[in-house]
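If you want the building blocks of each chain, they are given just below.
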Amino acid sequence: MSAITKKNKKHVENEPKVPITWKEIKKQKVLLFWSAIIVLYGIIFYYLPLGGWLMAFQNYKPAKGLFHSEFVGLEKFQRLFSDDTFIRVIRNTLAMGVINLVVTFVMAIVFAILLNEIRLRRTKKVIQTVSYLPHFLSWIIVTGILHDALSGSGIVNELLKNLHIIDHSIDFFAHPSYFWPIVAFANVWKETGWNAIIYLSAITAIDPSLYEAAAIDGAGRLGKIRYVTLPGIKSTIIILLLMNVGNVLNAGFEIQYLLGNGLVKSVAETIDSYVLKWGISQGDYAIGTAAGIFKSVVSILLIVIANQFAKRSGEERLY
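Notes on the structure follow. (Residues numbered from 1 in each chain as written. Predicted model: local features only at pLDDT ≥ 70, side-chain atom pairs only at ≥ 80, totals over all residues. Heavy atoms only, no water.)

### Concerning the overall build of the chain
What counts is decided by this rule: The secondary structure listing takes helices from DSSP runs of H or I that are at least 4 residues long and strands from runs of E that are at least 2 residues long, numbered from the N terminus. Here the globule rule is a power law, 2.2 Å times the number of residues to the power 0.38, and the radius of gyration is based on C-alpha atoms. Only protein chains enter the calculation, and the probe is 1.4 Å; a residue is then buried if its accessible area is under 20% of its type maximum, exposed if over 50%, and partly exposed in between.
Scanning the chain from N- to C-terminus turns up 16 helices and 2 strands. Its C-alpha radius of gyration of 25 Å places the chain more than 25% over the 20 Å reference for a compact globule of 319 residues. If you line up the chain on its principal axes, its C-alpha atoms span 70 × 65 × 40 Å. The 319 residues of the chain split such that 34% are buried.

### A short note on the packing of helix α5 (residues 84-116) against helix α12 (residues 234-245)
The condition that has to hold: Every angle, taken between N-to-C directions, lies between 0 and 180 degrees, and every axis is a line fitted to C-alpha atoms, over only the stretch in contact when it is a helix. Angular relationships are summarised with four words: roughly parallel below 35 degrees, roughly antiparallel beyond 145, roughly perpendicular across 65 to 115, and oblique for the angles in between. Crossings are sorted by hand: turned counterclockwise from the far helix by less than a right angle, the near helix makes the crossing left-handed, and turned clockwise it makes it right-handed. Residues are treated as being in contact if the distance between any of their heavy atoms lies within 4.5 Å.
One can describe the packing of α5 onto α12 by two numbers: an axis separation of 11 Å at closest approach and a directional angle of 155 degrees. One way to sum up the angle between α5 and α12 is to call them roughly antiparallel. Of the two elements, α5 crosses α12, and the hand of that crossing is right-handed. Facing Leu101, Phe105 and Ile109 of α5, the residues of α12 in contact are Ile237, Leu240, Leu241, Asn244 and Val245.

### Some remarks on the nonpolar core
What counts here: Among buried residues, those of type Ala, Val, Leu, Ile, Met, Phe, Trp, Tyr and Cys that are joined through side-chain atoms within 4.5 Å constitute a nonpolar core.
With 20 residues, the main nonpolar core has Phe105, Ile109, Ala112, Tyr199, Ile203, Ile233 and Ile237 as its most contacted residues. Those elements giving two or more residues to this core turn out to be α5, α9 (176-204), α10 (208-216), α11 (221-232) and α12. The leading source of residues in this core is α5, at 6 residues. Excluding residues that lie within four positions of it along the chain, Phe105 makes contacts with Asn100, Tyr199, Ile237, Leu240, Leu241 and Asn244. Leu146, Leu150, Phe173 and Ile255 belong to the second largest nonpolar core, which has 19 residues in total.

Put into structure tokens, the structure is as follows:
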């Protein structure tokens, strides 16, 4: 075991423990009061609704209620995974989730680094402000802009024609092969500026003397980015990656629902739209709940796996 690991363990062992006494409780009463409110809020709005998961194991009928509906065990799950549509929906959700995670994650880091390299303060602030604005637009507005830009007479087709890349307009929303890239582009355009905020904050916390030392060693801008900036924000990247991995199955609902049509239905449906269609619109609440449970369980497993991988990587670096 390395000296750093031993030192950290020794520090934790020698840390004094505060005894729980009435005097200490009175001293911390304000913090305990607000902590209790937050815990109560979590129990009411996050844990009590989990009782609704019971519907996934029932032939649920609203008239009979949650406690009087017929119990059917795993029948709804068997029906779910024997449905070819649901298997296709899982594929679409995973594909769009992974594409969105990789593209938006990488673009946010690249944008933050490039923005940090701008020396003109006023220009930097203008670019930073403009990049934030799409985050505050609703998906209704974003999809409307996409429809106008990618339509037959939109700016994209006109530009491609003027550059003599194409001879006839392309109907982007009629080809399934274009749908996933369009969704990825929309997410990047809308969220890159907002996601870059935390990386910019992490970069500003890096010791400026490290950049001076790198310059003395002959490092240029790319060298400083590689050997100072990226290692300096490595912990932030890992933490945000762990947080985002759990959202892989949250590939979206609004953009797929708004941009989807009969021609791209095979690649546009996600688990959320499946739940809306079969669980709510068709009144089969049990099958919708089963699909939601599957999504939650997979998300938890992804977070646990990613967390264990990050821990092992960190332990290996300490030895």
